[in-house]
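Fold and contact review
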Amino acid sequence: MPSEDTLRLLDTLLRPDDPVHAVLRTHVPHLRVTSVCGCGCDSPSFELDTTLVEPAQVEPGTGIVAEADFVTAEGVHAGEVLVFARGGYLSWLEVCTWDETVEVTVATARQLLCP
């Protein structure tokens, strides 16, 4: 199961009023984390039993289905969070940093993006 921080980020980034996001939100209860990035950001890759959910109508292949930039309390544009789908199914969440002086993790991104 994804971490609470990952679940909060997915809940924030996948808007229920967007038809593609609405389908992807149905995947979340069925996600299993298969690995996390080794750089320290804790970005998770997912596995999903595709017999339990329908695919979202997205471009073929792998692509970004949701994204958000985040800013620290000091006003530093620290990075972004990207949500990827492969073949219409949630595939991974990635936290990227733009400022090497700011340590960015899934937990940090959640704190900065989620109310």
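Our structure's up above, just so we're on the same page.
Now for a quick tour of the structure. Because the structure is predicted, anything quoted here is derived from the model rather than measured.

Here we look at the packing of helix H1 (residues 4–13) against helix H3 (residues 106–113)
- Remark: H1 packs on H3, axes separated minimally by 9 Å, with the N-to-C direction vectors making an angle of 45°. Here H3 runs oblique to H1, going by the angle between their axes. As for the relative orientation of H1 and H3, their crossing is left-handed in sense. Where H1 approaches H3, its residues Asp5, Thr6, Arg8, Leu9 and Thr12 are matched on the opposing element by Val106, Ala107, Ala109, Arg110 and Leu113.
- For the contact of H1 with H3, a count of residues per class yields five nonpolar, two polar and three charged.

Here we look at the side chain of Ser43
- The topology assignment puts Ser43 in the loop between strand E1 (31–36) and strand E2 (44–48).
- With relative accessibility at 7%, the residue Ser43 sits in the buried group.
- Polar contacts involving the side chain of Ser43 include one to the main-chain amide nitrogen of Val95, which spans 2.8 Å.
- Ignoring anything within four residues of it in the chain, the contact list for Ser43 reads Ser35, Val36, Cys37, Leu93, Glu94, Val95 and Val106.

Focus on the pattern of salt bridges
- Tallied over the full model, the rule gives five salt bridges.
- A salt bridge links Arg15 to Asp17; its shortest N-O distance comes to 3.6 Å.
- With relative accessibility at 64%, the residue Asp17 sits in the exposed group.
- Among the ionic pairs, Asp18 bridges to Arg15, the shortest N-O distance being 3.4 Å.
- Given a relative accessible area of 19%, Asp18 falls into the buried group.
- One connected set of salt bridges, linked through shared partners, spans Arg15, Asp17 and Asp18.

Comments concerning the pairing of E2
- Side chains Pro44, Phe46 and Leu48 of E2 all project onto a buried face; the interleaved residues Ser45 and Glu47 project onto a face where none is buried.
- One ladder, built from five bridges, connects E1 with E2; its direction is antiparallel. Counterpart to Leu31 in the pairing with E2 is Leu48.

Observations regarding H3
- Taken residue by residue, H3 has Val106, Ala109 and Arg110 as its buried positions. For H3, the buried positions fall inside an angular range of 100° around the axis, keeping them on one side.
- At the N-terminal end of H3, a side-chain oxygen is found 3.3 Å from the backbone nitrogen of Ala107, two or three residues along, and the residue is Thr105.

Side note on the side chain of Thr105
- Summarising the element assignment, Thr105 is placed in the loop between strand E5 (89–97) and H3.
- A relative accessible area of 11% means that Thr105 is categorised as buried.
- Separated by 3.3 Å, the side chain of Thr105 and the backbone nitrogen of Ala107 make a polar contact.
- With near-sequence residues (within four places) excluded, Thr105 lies in contact with Gly40, Cys41, Asp42 and Val95.

What counts and what doesn't
- Residues numbered from 1 in each chain as written.
- Predicted model: local features only at pLDDT ≥ 70, side-chain atom pairs only at ≥ 80, totals over all residues.
- Heavy atoms only, no water.
- Axes fitted to C-alpha atoms, helices over the stretch in contact; angles between N-to-C directions.
- Helix = DSSP H or I, 4+ residues; strand = E, 2+ residues; numbered from the N terminus.
- Parallel < 35°, antiparallel > 145°, perpendicular 65-115°, else oblique.
- Left-handed = near helix turned anticlockwise from the far one by under 90°.
- Contact = heavy atoms within 4.5 Å.
- Nonpolar A, V, L, I, M, F, W, Y, C, P; charged D, E, K, R; others polar.
- Buried < 20%, exposed > 50% of the residue type's maximum accessible area, 1.4 Å probe, protein only.
- Polar contact = N/O pair within 3.5 Å; in protein donor to acceptor, adjacent residues only side chain to side chain.
- Salt bridge = Lys/Arg side-chain N within 4 Å of Asp/Glu carboxyl O.
- Pairing = 2+ DSSP bridges.
- Arc of directions from axis to C-beta.

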